[in-house]
Amino acid sequence: MKKPKPNKITLFLIEDDDIDAMSITRKFKHREITNPIIRAKDGIEALELLASGRISRPFIILLDLQMPRMNGLEFLTKLRADNDYKNSVVFILSTSQNENDIFDSYESNVAGYFIKDEVNNALIDIFDGYRDIVHLPQAR
Amino acid sequence: MQTDQELSIQTVEKYNILDADIDKLFDDIVMLATESCDKPFAMVSFIDADKLWVSSQVGLFPSEMDQKNVFCEQTVKQTGLLEIYDTLFDDRTKLNEFVIKAPNIRYYAGIPLINSEKQTLGTLCLFDTKPNVLDKHQKSILKLLAKDVVSQLELRRKNFELSKLIELNQLITKNNPDLVFAKDSDYKILHANTAFLSLFPEKMRDKVIGYTTLEIYSDAVAATFLVQDKLAFEQGKAETIEKITFPNGETRTLFITKTRFEDNKDKVCILGVARDVTEREALIEKLKKSNGDLDEFVYIASHDLKAPLNAIKRLVSWIEEDDCEILSGDSLEHFGMIKNRINRMNMLLKDLLDYSRIGKNDGLPQKLNLQETAMHCCELLDLPEGFIIEVDDIDLILPVIPLELVLTSLISNAVKHHFKKSGHIRIHCKNLAHNYQISVTDDGPGIDPKLHKKIFIKFQTLKPRDEVEGTGLGLSMVEKTLANYSGNIAVKSDIGEGATFTVTWPKLKASSE
């Protein structure tokens, strides 16, 4: 199996807050991480983007929970029921420290749950290393 | 003497012997006395106020005898029989008008009527118009008859008291708004008060006592009644709050207590008392909801306010990062001030959230060491090095989370408001019978007594927040926390004399060791 170049992995960011989204793109820029970032502002837009085929593999999803129209957990349920995308790798990045949110997220097989106030630059460090060594599913 | 008489008057009233029917009550005994003792005259007299009055009598006595009965007046002063064989030869009686004139009494024998409490109620006495004497046998009969009079009086008193009690009981039964009833072991109603009976339609009311009445309730309600009844029969007591739909269609919330008891035939029964708590329960429900709403509101408000605040903070730091070299010194200072205000706002929101959560997850009282707890608080506070904290080494039983909140707040205040870079804080605890009295004393600048009230008010600070950072919620939180445990806090301080905050914390029973 051929491993794609680390910087070809798309970060699919599903986040309603402009500044939180900006914060990620700024950090990518600072660290000269050139991976493409595609952003959706809620679950519905994210599903539309996936359906349109604009999110090309390989990609990972960074998902917020509190969002208008369709929240993160609702999106996750839809995603896991979708035959094309149920194998997607999803990380949660939320302000919620609620035990139920954490539990429900892992019930939907997320790869990790991070709390916004706690991550600072560590998340970028993780992504930086992760993209180098991870093997992600290819389309069949 | 005076007090003895007062005592006796009260006694007479208690026996209810001032009634009209008493006049004839002892006629038979008096008759028997004259016949068995072979004396022509006899009477029963009672003490009423400071006089004696004649109740039953055989033979005719002048009506003035009621007022001037010098014979019986003598008798009630002693405990045994008084016998005057010849009144003309007795100093006490020889000049008496009833001796000198008609009916010319020459002989007297009187026995005091003394009850079980050793109170003299009156006399049983015999008279003759010639000198006379009682033989041994007659004396015994007289004593027996006197005893009989007293027993009859005692019975009368008990009856009288009982009838008063019954009257009172009837009044209670009629007027008690609680539903009171008694059931036997077949769940049949033995007794019900007016309030209970009035729940039933008028034509049904004679079908309540002696019936279970369960058939007129819905199956579900009847089942809960039976469950509670059984519980009361088995365990002696059952308590429940239930919504009940009455036979008249009304639905009320009742607090029902059922208590097992044995009737006078040793049959096991239950006594039920149902109090209508509909309004109270509705109010509690309303209050719970509005408290819940308030908690939720505070939580959401402080949570949702934090997000834009953090966004502002980030934007400001991005501007600094990106354009720091083109900003003027003033602008950079202003940015610093913006960030400082953002931090303050964050602290306020955190405190507000903490304040709303006080008492939510306090945990149970447990055995803890005051010194260890205080030191743990100090570690988290990250105090400047110059401060010495001295704490009593004493074991207490208190919930640890609220105690830490109180200690942290008081220690942090003592350090924060200190005018020097070093200081001495002493935490002392008095273990009183019902309270712990924990005092935190500092050697700081002290607080003007005029401001003592103000420091406990929410959001009040004594110095501008730009000089001493603080939300003004610290002591309010301490006060609210203590209020949850019926405790309180007081301050003793004056300018230049340091301050002592004394916490009074009522002792709680440790629920588990």
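Residues numbered from 1 in each chain as written. Chains lettered and ligands numbered in written order. Predicted model: local features only at pLDDT ≥ 70, side-chain atom pairs only at ≥ 80, totals over all residues. Heavy atoms only, no water.

1. Let's talk about the sheet that holds strand E7 (residues 189–192) of chain B
Residues and elements named next belong to chain B. Test applied: Should DSSP find at least two bridges between two strands, the strands are taken to pair. Working definition: helices are DSSP H or I runs of at least four residues, strands are E runs of at least two. Numbering for both runs from the N terminus. Orientation is described by axes fitted as lines to C-alpha atoms, over the contacting stretch for helices, and by angles from 0 to 180 degrees between their N-to-C directions.
One open sheet accounts for five strands, arranged E7-E6-E10-E9-E8; its pairing is antiparallel. Each of the sheet's edge strands pairs with one partner strand only, and the pair in question is E7 and strand E8 (237–245). This sheet shows a mean twist of 25° between the axes of neighbouring strands, independent of strand direction. Where strand E6 (residues 179–184) lies against strand E10 (residues 268–276), six bridges are found, and the strand directions are antiparallel. Of the residues in E10, the one forming a bridge with aspartate 184 is cysteine 269.

2. Comments concerning unusual backbone geometry
The omega angle of the peptide bond from Arg57(A) to Pro58(A) is -5°, so this bond is cis rather than trans. Among the secondary structure elements, Pro58(A) is positioned in the loop between helix H2 (43–52) and strand E3 (59–63). Put simply, Ala102(B) and Pro103(B) share a cis peptide bond, and its omega is 10°. Positive phi is not limited to glycine here, since Glu32(A) has a value of about 55°.

3. What about the packing of H2(A) against helix H3 (residues 72–80) of chain A?
Residues and elements named next belong to chain A. Convention followed: Comment on the angle field: the value is read as roughly parallel under 35 degrees, roughly antiparallel over 145, roughly perpendicular from 65 to 115, and oblique elsewhere. Here, residues are in contact when the closest pair of their heavy atoms is within 4.5 Å.
The geometry of H2 relative to H3 is characterised by a closest axis approach of 9 Å and an angle of 25° between their N-to-C directions. If you check the angle between H2 and H3, you find them roughly parallel. Along the contact surface, H2 presents Gly43, Ala46, Leu47 and Leu50, while H3 presents Phe75, Lys78 and Leu79.

4. Section: the interface of chain B and chain A
Cut-off, in case you're wondering: For any pair of parts, buried area is found by adding up, for both, the accessible area (1.4 Å probe) each one loses once the two are put together. Here a salt bridge means any side-chain nitrogen of Lys or Arg lying within 4 Å of a carboxyl oxygen belonging to Asp or Glu. Any N or O atom pair separated by 3.5 Å or less is treated as a polar contact, with the protein-specific requirement of one donor-capable and one acceptor-capable atom, and with residues adjacent in sequence counted only for side-chain atom pairs. We call Asp, Glu, Lys and Arg charged. Ala, Val, Leu, Ile, Met, Phe, Trp, Tyr, Cys and Pro are nonpolar, and the rest, Gly among them, are polar.
Facing the eight residues of chain B at the interface are eight residues of chain A. A combined buried area of about 700 Å² lies between chain B and chain A, and 55% of that area is made up of carbon and sulfur atoms. Where chain B packs against chain A, one counts three salt bridges. Arg26(A) is paired through a salt bridge with Glu321(B); the nearest N and O atoms lie 2.9 Å apart. Where chain B packs against chain A, one counts four residue pairs in polar contact (both at pLDDT 80 or more). The residue makeup of the side of chain B that touches chain A, split by class, is three nonpolar, two polar and three charged.

5. Details of the pattern of salt bridges
We apply this condition: Whether a residue is buried, partly exposed or exposed follows from its accessible area with a 1.4 Å probe, protein chains only, as a fraction of its type maximum: under 20%, in between, or over 50%, in that order.
Per the stated rule, a full pass over the model turns up 29 salt bridges over all chains. For the salt bridge of Asp18(A) with Lys41(A), the shortest nitrogen-to-oxygen distance reads 3.9 Å. Of this pair, Asp18(A) sits in helix H1 (residues 18–30) while Lys41(A) sits in the loop between strand E2 (37–40) and H2, and the two are 23 residues apart along the sequence. For Arg280(B), the salt bridge is made with Glu281(B), and the minimal N-O distance between the two is 3.4 Å. On the basis of relative accessibility, which here comes to 45%, the residue Arg280(B) falls in the partly exposed class. Through salt bridges with shared partners, one network takes in Glu15(A), Asp20(A), Asp64(A), Lys116(A) and Arg314(B).

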